[in-house]
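# An overview of the molecular structure
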There are 2 protein chains.
Amino acid sequence: MDNHSKPLTGIFQALADPTRRAVLRRLGQGPASISDLAKPFDMALPSFMKHIRLLEESGLINTRKLGRVRTCTIERKPFSMIEDWLSTQRVLWEGRTERLEQFALATREKENSP
Amino acid sequence: MDNHSKPLTGIFQALADPTRRAVLRRLGQGPASISDLAKPFDMALPSFMKHIRLLEESGLINTRKLGRVRTCTIERKPFSMIEDWLSTQRVLWEGRTERLEQFALATREKENSP
């Protein structure tokens, strides 16, 4: 199991939908109310709310009710977790490339030795 | 819709599972046969094959049959697509921070002007 395995599953699950990614892109520009967020989508509010709930459960957004308006804010931590995961993957590749280079070098040295 | 919307959905969907992420981590170290990949998992082969197929459909891995052995290789392009998506998100945040800074600066200048 990787670190943060459970949160990562929820984060990737939340990102696996174009509506939810569009909501995150909008929230990247600043907080917004749920009704403003829903406007660009041809979708009933209960369906849209499901997307919001999934985003909130994954930790990608926070929502806060002030009076009658619920405002959504993006959370950066899950994005860092994806970046960490990508870095870990990259370290594996680099380790592999390095091992291949060392092998190639060792082979060449062996071939060139008298 | 974001660019690459459809592939991104498939990629994030494929990543939303700890078994599939573990397979990618293993393949980050180099190609492997399906039977070798399956070993660490307490899972029937047909179930494991579903994970492999989902990874292949998303473009995260390639599989190639040589004789009786099917070998899996990781593909780096989908990882770049996630990185691009994260960068776009980051650009939005930075734009937002810059606008906030300009606003703060303009306000301070106004306050300090005679």
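Throughout what follows, the structure given in this document is the object of discussion.

Parameters and conventions
Residues numbered from 1 in each chain as written. Chains lettered and ligands numbered in written order. Predicted model: local features only at pLDDT ≥ 70, side-chain atom pairs only at ≥ 80, totals over all residues. Heavy atoms only, no water. Contact = heavy atoms within 4.5 Å. Buried area = accessible area lost by both parts, 1.4 Å probe. Salt bridge = Lys/Arg side-chain N within 4 Å of Asp/Glu carboxyl O. Helix = DSSP H or I, 4+ residues; strand = E, 2+ residues; numbered from the N terminus. Nonpolar A, V, L, I, M, F, W, Y, C, P; charged D, E, K, R; others polar. Expected span 1.5 Å × (residues − 1). Buried < 20%, exposed > 50% of the residue type's maximum accessible area, 1.4 Å probe, protein only. Arc of directions from axis to C-beta.

Moving on, we get to the interface of chain A and chain B. Taken together, the contact between chain A and chain B spans 32 residues of the former and 32 residues of the latter. Buried surface at the junction of chain A and chain B, summed over both partners, amounts to about 3300 Å²; 60% is from carbon and sulfur atoms. When residues of chain A are sorted by the area they lose upon contact with chain B, R21, R25 and W93 of chain A head the list and together hold 20% of the total. Notably, a salt bridge pairs R90 of chain B with E83 of chain A, separated by 2.2 Å at the nearest N-O pair. Of all the secondary structure elements, the ones that give two or more residues to the side of chain A that touches chain B are α1 (5-15), α2 (18-28) and α5 (77-112) of chain A. Broken down by element, the side of chain A that touches chain B gets its largest block of residues, 12 residues, from α5 of chain A. Its residues assigned to classes, the side of chain A that touches chain B shows 15 nonpolar, 8 polar and 9 charged.

Our focus in this paragraph is helix α4 (residues 45-57) of chain A. All names here are of chain A. Between its terminal C-alpha atoms α4 stretches 18 Å, which fits the 18 Å expected from 13 residues at 1.5 Å a residue. F48, H51, I52 and L55 are the residues of α4 that are buried. The arc that holds every buried residue of α4, seen down its axis, measures 95 degrees, which confines them to one face. Facing away from the buried side of α4 by over 90 degrees, the exposed positions are P46, K50 and E57. Looking at the buried positions of α4, the neighbouring elements they touch are α1, α2, α3 (34-38), β2 (61-66) and β3 (69-74). Of the residues one or two after α4, G59 is the one with positive phi, at around 90 degrees.

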